[in-house]
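# Report on the structure
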Amino acid sequence: MGEQIRSDTFAASDFRRFAERLDEQVALLRETLAEPGFGAGPPSIGAEVELALVDADARAAPCNESVAEAVDRRGVSVELNRFAGEYDSLPVPLAGRPFAALAADLRAGMAHVADAAAAHGARVALVGT
């Protein structure tokens, strides 16, 4: 992630390298899942909200890095282009009222993102989860 792709045609060696990298990543995932204690503890849920930053005319506002820095909160990250980002909620226990807890976290986190965006002349458009 974060690298610019400057071509839209690829050689067989590119596809082989991609397959090798994919295999490496799947192996790392297998190792993580096999670690003692992985997945232990009470069940929990969370959400990732994809967002775009737009100006007053609903055009892309290229300020995601400034907004992420201003929020200064775990769970906010930028995407490859300069107007998109995401907010990752904190995990909440599945027991009790998980959706109310998740909604509270999302409201608070997104309010911080919206305030930071407004300080940079932008607003948040939710584009996916």
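Above this note sits the structure.
So, here's what we can say about the structure. The shown structure was predicted, so the numbers you read here are calculated from the model rather than taken from an experiment.

Looking only at helices and strands, the protein features three helices and six strands. In sequence order, the protein lays out its α and β elements as α-β-β-α-β-β-β-α-β. A globule of 129 residues ought to have a C-alpha radius of gyration of about 14 Å, yet the protein, at 19 Å, is considerably larger. In terms of principal-axis extent, the alpha carbons of the protein reach across some 45 × 45 × 20 Å. The proportion of buried residues among the 129 residues of the protein is 22%. Expressed as a percentage of contacts within the protein between residues at least 6 apart in sequence, the contacts between residues at least 24 apart total 61%. For the protein, the accessible area works out to roughly 9200 Å², and carbon and sulfur atoms hold 57% of it.

Another aspect to go through is the packing of aromatic side chains. Following the criterion strictly, the structure yields one aromatic pair and no others. A centroid spacing of 6.2 Å and a plane angle of 75° characterise the contact between Phe 10 and Phe 15, whose relative ring orientation is edge-to-face. Take Phe 15: its relative accessible area is 52%, and that puts it in the exposed class.

What follows is about the nonpolar core. If you look at the biggest cluster of nonpolar residues, it comprises 18 residues, and the most contacted ones within it are Leu 53 and Val 67. Mapped onto this core, the elements with two or more residues apiece are β2 (48-54), α2 (64-71) and α3 (98-119). The element contributing the most residues to this core is α3, with six residues. Residues within four places of Val 67 in sequence aside, it is in contact with Leu 53, Val 113, Ala 116, Ala 117 and His 120.

Criteria and thresholds
Residues numbered from 1 in each chain as written. Predicted model: local features only at pLDDT ≥ 70, side-chain atom pairs only at ≥ 80, totals over all residues. Heavy atoms only, no water. Helix = DSSP H or I, 4+ residues; strand = E, 2+ residues; numbered from the N terminus. Rg over C-alpha atoms; globule rule 2.2 N^0.38 Å. Buried < 20%, exposed > 50% of the residue type's maximum accessible area, 1.4 Å probe, protein only. Contact = heavy atoms within 4.5 Å. Areas by Shrake-Rupley, 256 points an atom, 1.4 Å probe, with all protein chains shown as cover. Phe/Tyr/Trp six-rings, centres within 6.5 Å; stacked < 30°, edge-to-face > 60°. Core = buried A, V, L, I, M, F, W, Y, C linked by side-chain atoms within 4.5 Å.

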